[in-house]
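Listed below are the residues making up each chain.
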Amino acid sequence: MRLGLLGSVLALALGLASPAFADIKIGASVSETGPASSLGDPEAKTLKMLVDEINAAGGVLGEKIKLFLYDDGGDPNKARTFATRLVEDDGVVAIIGGSTTGTTMSIIPIVEAAKIPFISLAGAVEIVDPVKLFVFKTPHTDRMACRKIFEDMKARGFTKIAMISGSDGFGASMRKQCLQVIGDFGITVLADETYGPNDADMTPQLTNIRSKADVQAILNPGFGQGPAIVTRNYGQLGIKTPLYQSHGVASKSFIDLAGAASEGVRLPGTAILVANLLPDGDPQKAVVTAYKTSYEAKFGQPPSTFGGYAYDGLRLLVDAIKRAGKADPQAIREALENTKGFVGVTGPFNMSATDHLGLDLSAFRMLEIKRGDWALVQ
């Protein structure tokens, strides 16, 4: 009797009796509903799906991931509140999210003060330039998108263009970045129009653009429903000038919303949109195909570029935790910063102390909409 009791005491002391592992707490704030739901909904779906897959396979370092997921509705104030809750109440070791530039920028001061790693899912270059110690991101920057678009325009001989940009955080940031780098490509802007996030008709701006006879191409930096309205109005006005959109609309829902007018539209996108067109030797094909297969099986719809950002964000985080050997915020931060050769849905990531994105232009694919689907521009 006494030996049995002694054995139990020793087992407890050595941590051998009924081991209980603490969950690895990871937070997320995305715009699952609201004006940016085309971004946040697939991000939320992806995060939940991937956490389930990881936990079913044994978790990370022998522990399960516990996901604290909040819907900020695209409201920066809500995103800030949720980030504070994740840090102070939920006790997370890292945060993924910020579907938009606005929500991301509201989260950054919270994570920097708390010294919690944050992987943003938004596009603006200001998120990681200048580098902030605890802030990383997975989408290409708006500046990179501008360069990819201007490379294609230059190859087609376009030197005079018009811009029609959303005045939201993403649209305004990309417009600014495009205007800063456009001179490198010998291209000038003959018309520079804008529209608000709640505008339902952009025909006046497009009519002004149509009146400029020398315009050879039109660029529309924006995300959400605005670019779809621009594209429909563009078709209704019978404009034949080639139209470029941003990576902010790189999902099938844009094609569905824009309808037949989207035929021939070009934009920079990620490999997930053309997974079936990738050659066998493409280094991204395996990871892109795995994500596409899982997502379609679970949700019955094709994945989007935005879900891919979340997929990469969580996989980068898990990879960092494994390399760090522990779920400690500072250790995770250091491991993220030293990520090398990580092949994601968005591209190959190679981060450093001076680069908290780690992607280059080669990860962008120039796409064209043909017959209601994506095609690679050769």
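For the structure, see preceding data.
Residues numbered from 1 in each chain as written. Predicted model: local features only at pLDDT ≥ 70, side-chain atom pairs only at ≥ 80, totals over all residues. Heavy atoms only, no water.

1. Description of the overall build of the protein
Along the backbone of the protein there are twelve helices and 14 strands. Its C-alpha radius of gyration of 23 Å places the protein within 12% of the 21 Å reference for a compact globule of 378 residues. Looking at the protein residue by residue over its 378 residues, the buried ones come to 53%. When the accessible surface of the protein is summed, it comes to about 15,500 Å², and 53% of that surface belongs to carbon and sulfur atoms. Looking at the protein, you have 38 positive and 40 negative side-chain charges, and the mean spots of the two groups are 2 Å apart. (Helix = DSSP H or I, 4+ residues; strand = E, 2+ residues; numbered from the N terminus. Rg over C-alpha atoms; globule rule 2.2 N^0.38 Å. Buried < 20%, exposed > 50% of the residue type's maximum accessible area, 1.4 Å probe, protein only. Areas by Shrake-Rupley, 256 points an atom, 1.4 Å probe, with all protein chains shown as cover. Lys, Arg positive; Asp, Glu negative; His and termini not counted. Charge placed at Lys NZ, Arg CZ, Asp CG, Glu CD.)

2. Quick look at the pattern of salt bridges
Once their charged atoms are close, side chains differing in charge can pair, the charge on each being opposite to the other. In the structure shown here, the tally under the stated rule is 14 salt bridges. Put simply, R147 and D184 hold a salt bridge, and the shortest N to O gap is 3.0 Å. Linking R147 in helix α5 (residues 142-155) with D184 in the loop between α6 (169-181) and β7 (188-195), this pair joins segments that are 37 residues apart in sequence. Taking the relative accessible area as the measure of exposure, R147 reaches 27% and is therefore partly exposed. Taking the shortest distance from any N to any O, the salt bridge between R175 and D192 comes out at 2.6 Å. On the criterion of sequence distance, the pair formed by R175 in helix α6 and D192 in strand β7 is long-range, its members being 17 residues apart. A relative accessible area of 27% places R175 in the partly exposed class. (Salt bridge = Lys/Arg side-chain N within 4 Å of Asp/Glu carboxyl O.)

3. Some details on the packing of aromatic side chains
According to the stated counting rule, one finds eight aromatic pairs in the structure shown. Where Y295 meets F299, the ring centres are 4.8 Å apart and the plane angle is 50 degrees; that geometry is what we call tilted. Here Y295 and its partner F299 are both found in helix α10 (residues 285-299), four residues apart, which amounts to about one turn of the helix. For F299, a relative accessible area of 25% corresponds to the partly exposed category. In textbook terms, an aromatic cluster arises when at least three aromatic residues are bridged by ring pairs, as seen for Y291, Y295, F299 and Y311. Note that K45 overlies the ring of F299, its terminal NZ or CZ placed 5.9 Å from the centroid. (Phe/Tyr/Trp six-rings, centres within 6.5 Å; stacked < 30°, edge-to-face > 60°. Lys NZ or Arg CZ within 6 Å of the ring centre and 35° of its normal.)

4. Points about empty space enclosed by the protein
Inspection of every chain in the model, using the stated rule, returns one cavity of 30 Å³ or more. The volume enclosed by the largest cavity comes to roughly 120 Å³. Taken together, 14 residues form the lining of the largest cavity, with L39, S99, G123, F170 and F306 sitting closest to its centre. The residue makeup of the lining of the largest cavity, split by class, is eight nonpolar, six polar and no charged. Taken together, domain 1 (2-141 + 288-363) and domain 2 (142-274 + 364-376) each give at least three residues to the lining of the largest cavity, which thus spans both. (1 Å grid on protein atoms, 1.4 Å probe; cavity = no way out; pocket = protein on both sides within 12 Å on 5 of 7 lines; lining within 4 Å. Points joined across faces, edges and corners; volume = space filled by probe spheres on them. Nonpolar A, V, L, I, M, F, W, Y, C, P; charged D, E, K, R; others polar. Domains from an automatic or database assignment.)

5. Here's the deal with the environment of S304
You can see S304 is positioned in the loop between α10 and α11 (305-324). Owing to a relative accessible area of 7%, S304 belongs among the buried residues under this scheme. Between the C-alpha atom of S304 and that of L39, which follows or precedes it by 265 residues, the distance is 8.4 Å. With sequence-adjacent residues up to four places away left out, S304 is seen in contact with P42, A250, S251, I272 and Y291. From its side chain, S304 meets the backbone nitrogen of G307 in a polar contact 3.3 Å long. (Contact = heavy atoms within 4.5 Å. Polar contact = N/O pair within 3.5 Å; in protein donor to acceptor, adjacent residues only side chain to side chain.)

These figures capture arrangement, not role.
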